[in-house]
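# Descriptive structure summary
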Amino acid sequence: MLNIANTIRSTLLRSTTRYVRTLAPTVNPAEQQQVQAVLPDKLYSSIEIEYRGHDKAVLKSYTTFLQQVCRHLEIPQGRLEVLPYIRWVQPALRSKFVHKKYKLHYETRTHITKLEILNVTGSTASTFLEYIERNIPEGVGMRVGFTELQPLPLTIQN
């Protein structure tokens with residue numbers, strides 16, 4: 001019985017196997033340079049990184065890390081802004097149904113910091129953002145905003 005099942009399995013596998021042969025396309029070096037000239041790298045005048053968390057010391061440590069990364073990679077850094085924290089208070093009763101005058105207050109504080117990166121290319125920005133996102137501490141959220149430089153439209157240039 002086992003031998004018959006193996007035979008059926010092997011014949012099915014042989015019948016569904018496809019052989020695909022691909023050749024690498026030959027690209028003329030002049031055409032390759034022309035394609036690269038058509039697709040330039042994006043330019044960003046500023047990238048605003050906003051990160052928030054509940055622990056002020058963790059955000060301060062992460063800010064120091066970001067500044068060191070900018071310094072080592074020679075990325076121009078803009079302003080650093082520490083925004084006031086957001087306070088969220090939720091009152092709750094101690095018991096489920098009665099004793100309304102006995103309440104608990106649950107409070108969270110979200111600290112926010114903004115850092116601006118100036119004048120970078122698209123490849124530098126993607127590499128930098130991937131590196132800092134991989135090293136983000138636990139409990140910290142990040143929001144990134146881009147300001148891209150674009151040429152003027154032809155209707156305005158003429």
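Being a predicted model, the structure only gives us computed values, none of them experimental.

This brings us to the overall build of the protein chain. The helix and strand tally for the protein chain stands at five helices and four strands. Of the regular secondary structure in the protein chain, the N- to C-terminal order runs α-α-β-α-β-β-α-β-α. A buried classification covers 19% of the 158 residues belonging to the protein chain. Residue pairs at least 24 apart in sequence account for 78% of intrachain contacts in the protein chain once pairs closer than 6 positions are excluded. Surface summary for the protein chain: the accessible area is close to 13000 Å², and the carbon and sulfur share equals 57%.

Between its terminal C-alpha atoms helix H4 (residues 122–134) stretches 18 Å, which fits the 18 Å expected from 13 residues at 1.5 Å a residue. The complete set of buried residues in H4 reads Gly122, Ala125, Phe128, Leu129 and Ile132. Seen from one end, H4 has its buried residues packed into an arc of 130°, which puts them on one side. Residues Thr127 and Arg134 are exposed on H4 and point more than 90 degrees away from its buried face. In this fold, the buried residues of H4 make contact with strand E1 (43–53), helix H3 (56–73), strand E3 (103–121) and strand E4 (140–149).

A separate point is the packing of aromatic side chains. Here the structure, examined in full by the defined rule, presents four aromatic pairs. With 5.0 Å between their ring centres and 40° between their planes, Tyr44 and Phe146 make a pair best called tilted. Taken together, the residues Tyr44 in strand E1 and Phe146 in strand E4 connect sequence positions 102 residues apart. For Tyr44, a relative accessible area of 11% gives the class buried. Judged by relative accessible area, which is 44%, Phe146 ranks as partly exposed. Look at Tyr62 and Phe65: their rings are 5.8 Å apart centre to centre, the planes differ by 25°, and that puts the pair in the stacked class. Residue Tyr62 and its partner Phe65 are located together in helix H3, separated by three residues, close to a single helical turn. Classification of Tyr62 by relative accessible area gives buried; the value is 3%.

Rules used in this analysis
Residues numbered from 1 in each chain as written. Predicted model: local features only at pLDDT ≥ 70, side-chain atom pairs only at ≥ 80, totals over all residues. Heavy atoms only, no water. Helix = DSSP H or I, 4+ residues; strand = E, 2+ residues; numbered from the N terminus. Buried < 20%, exposed > 50% of the residue type's maximum accessible area, 1.4 Å probe, protein only. Contact = heavy atoms within 4.5 Å. Areas by Shrake-Rupley, 256 points an atom, 1.4 Å probe, with all protein chains shown as cover. Expected span 1.5 Å × (residues − 1). Arc of directions from axis to C-beta. Phe/Tyr/Trp six-rings, centres within 6.5 Å; stacked < 30°, edge-to-face > 60°.

By themselves, these observations are geometric and do not establish any function.
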